Number of protein chains: 2
Amino acid sequence: MATKHSSDPVHDEPADKPRAAERIRSTARELFYREGIRAIGVEQIVQDAGVTKPSLYRSYGSKDDLAAAYLRDYDAEFWVRFEQSVAAHPGDPKAQLLDYFGGLAERAAKPGYRGCGLTNTVVEYPGADHPACKVSQAHKRKLRKRLTAMAEAMGAASPETLADGLQLLLEGTYASGQLFGRDGPARSLVAVAERLIDASCG
Amino acid sequence: MATKHSSDPVHDEPADKPRAAERIRSTARELFYREGIRAIGVEQIVQDAGVTKPSLYRSYGSKDDLAAAYLRDYDAEFWVRFEQSVAAHPGDPKAQLLDYFGGLAERAAKPGYRGCGLTNTVVEYPGADHPACKVSQAHKRKLRKRLTAMAEAMGAASPETLADGLQLLLEGTYASGQLFGRDGPARSLVAVAERLIDASCG
DNA sequence: TGACGATGTTACCGATCGGTACGTATGATC
DNA sequence: GATCATACGTACCGATCGGTAACATCGTCA
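Quick look at the structure, then. (Residues numbered from 1 in each chain as written. Chains lettered and ligands numbered in written order. Predicted model: local features only at pLDDT ≥ 70, side-chain atom pairs only at ≥ 80, totals over all residues. Heavy atoms only, no water.)

Here we look at the interface of chain B and chain A
Moving on, step 1. Counting residues at the interface gives 43 residues for chain B and 43 residues for chain A.
Moving on, step 2. Across the chain B/chain A interface, buried area totals approximately 3700 Å², and carbon plus sulfur atoms make up 69% of it.
Moving on, step 3. On the chain B side of the interface with chain A, the three residues burying the most area are Leu168, Leu179 and Arg195 of chain B, jointly 19% of the side's total.
Moving on, step 4. Between chain B and chain A we count two salt bridges in total.
Moving on, step 5. Among the ionic pairs, Asp164 of chain A bridges to Arg187 of chain B, the shortest N-O distance being 2.8 Å.
Moving on, step 6. Taken together, the links from chain B to chain A amount to 11 residue pairs in polar contact (both at pLDDT 80 or more).
Moving on, step 7. By residue number, the principal contributor to the side of chain B that touches chain A is helix H8 (residues 159-179) of chain B, which donates 14 residues.
Moving on, step 8. Considering only residue class, the side of chain B that touches chain A consists of 16 nonpolar, 13 polar and 14 charged. (Contact = heavy atoms within 4.5 Å. Buried area = accessible area lost by both parts, 1.4 Å probe. Salt bridge = Lys/Arg side-chain N within 4 Å of Asp/Glu carboxyl O. Polar contact = N/O pair within 3.5 Å; in protein donor to acceptor, adjacent residues only side chain to side chain. Helix = DSSP H or I, 4+ residues; strand = E, 2+ residues; numbered from the N terminus. Nonpolar A, V, L, I, M, F, W, Y, C, P; charged D, E, K, R; others polar.)

What follows is the structure in structure tokens.
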């Protein structure tokens, strides 16, 4: 019967088999971010992951659920980067923020930058009912609270206004990074943010 | 009303007068903006417009071309609003800009706001080869030049940096408007922009 | 070994996608 | 009335969409 399944030249290595669910998840993360969720079919995901469709649906139930899982991963990665910048400048919220902004501006200038996966998903699925959009909105609200707390710690006269401004700059960088290429408005993110912070904390 | 826009820089138009074409175009403009281009099928467009598919393809050639036409209309509407704000404050670029920003913040707070159709399209179609994306990128570059000129007119120490900051705030407002509802960061757009302008023109 | 549950695979579904071949109605002109 | 061009509709195409039923394989433990 099976002439080759036990000695498949490609997938034979029995040393450590990454679970199909994990491969699907990481593949979906890359494809969804790079091309958009609507643009990627489940067929391409399982093909790139080297598995098949039922494997996907036993682990995720639907494409929408997989998209939500992708955004949960994306959210987690975001906070890892954010907390790294925070940890790099203990007790100095302005430096923490500018550190993160600097890294973001760098990433936004790289070719293939596609903005924020969470924001992009809300653009792709306007209705707030989509499971992935709920993840996005929860993330953005959490970030807003965090920025407000940092603005307070900076001694801003109006922490909410400063936090609003910082979040506008963030979202603007996400969009500008993929609208313009290397030398877009995102290059000025740190300078502008610092100017805004200083003007708000005088 | 015989004055027709004679030259279109981006694409060739049928330029004549099939009646169905107009209904298709305005229907597509509403549906594409509200739901996104990928989310709307040509079937739904012609159905809502009360016509049939061949009528669409006789006037537009492809869905992508129709999307590009939608964005050209969107671009034109943008500049109408922008020039209205400019005309309202002759010789005062700061007031011109804050006027436009005020109107934008108002719109961004309304329910059903979906951000910038041009930006959204780039999010939906990452590749720069899409005809609609070319329209978007041309628009954004033109806007950037305009903002830089206004920043110069304001006497900014670094006009490019101020223009970058203003464009970041713009794009951030587009995104935040649909991410958050009524009381999102977009509410602080004018205050933040004014603060940034003042800090850049001292 | 042999039974069993978990996991992966083959082959397929109905629905919808963008797009088109071809016939029809109408109005102006000869 | 015959002709022709314009504008629109009917019916359909192959491809692909998200999703699923039924079968094959593997690891585990008795």
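So, the side chain of Ser55 of chain B
Moving on, step 1. Inspection of the secondary structure puts Ser55 of chain B in helix H3 (residues 53-60).
Moving on, step 2. Once residues within four sequence positions are removed from consideration, Ser55 of chain B is found in contact with Ala20 and Ile24 of chain B.

Quick look at the protein's contact with DNA strand C
Moving on, step 1. Close to DNA strand C lie 15 residues; Ala20 and Arg58 of chain A together with Lys53, Tyr57 and Lys63 of chain B are nearest.
Moving on, step 2. Here the atoms of DNA strand C within 4 Å of the protein split so that 41% fall in sugar or phosphate, with bases taking the remainder.
Moving on, step 3. A distance of 2.8 Å separates a base oxygen of DNA strand C from a polar atom in the side chain of Arg58 of chain A.
Moving on, step 4. The set of elements that each furnish at least two residues to the surface near DNA strand C consists of helix H3 (53-60) of chain A together with H3 of chain B.
Moving on, step 5. Class assignment of the residues belonging to the surface near DNA strand C gives a composition of seven nonpolar, four polar and four charged. (Near = heavy atom within 4 Å.)

Thoughts on the environment of Lys110 of chain B
Moving on, step 1. Residue position: Lys110 of chain B is located in the loop between helix H5 (93-109) and helix H6 (117-124).
Moving on, step 2. A relative accessible area of 52% places Lys110 of chain B in the exposed class. (Buried < 20%, exposed > 50% of the residue type's maximum accessible area, 1.4 Å probe, protein only.)

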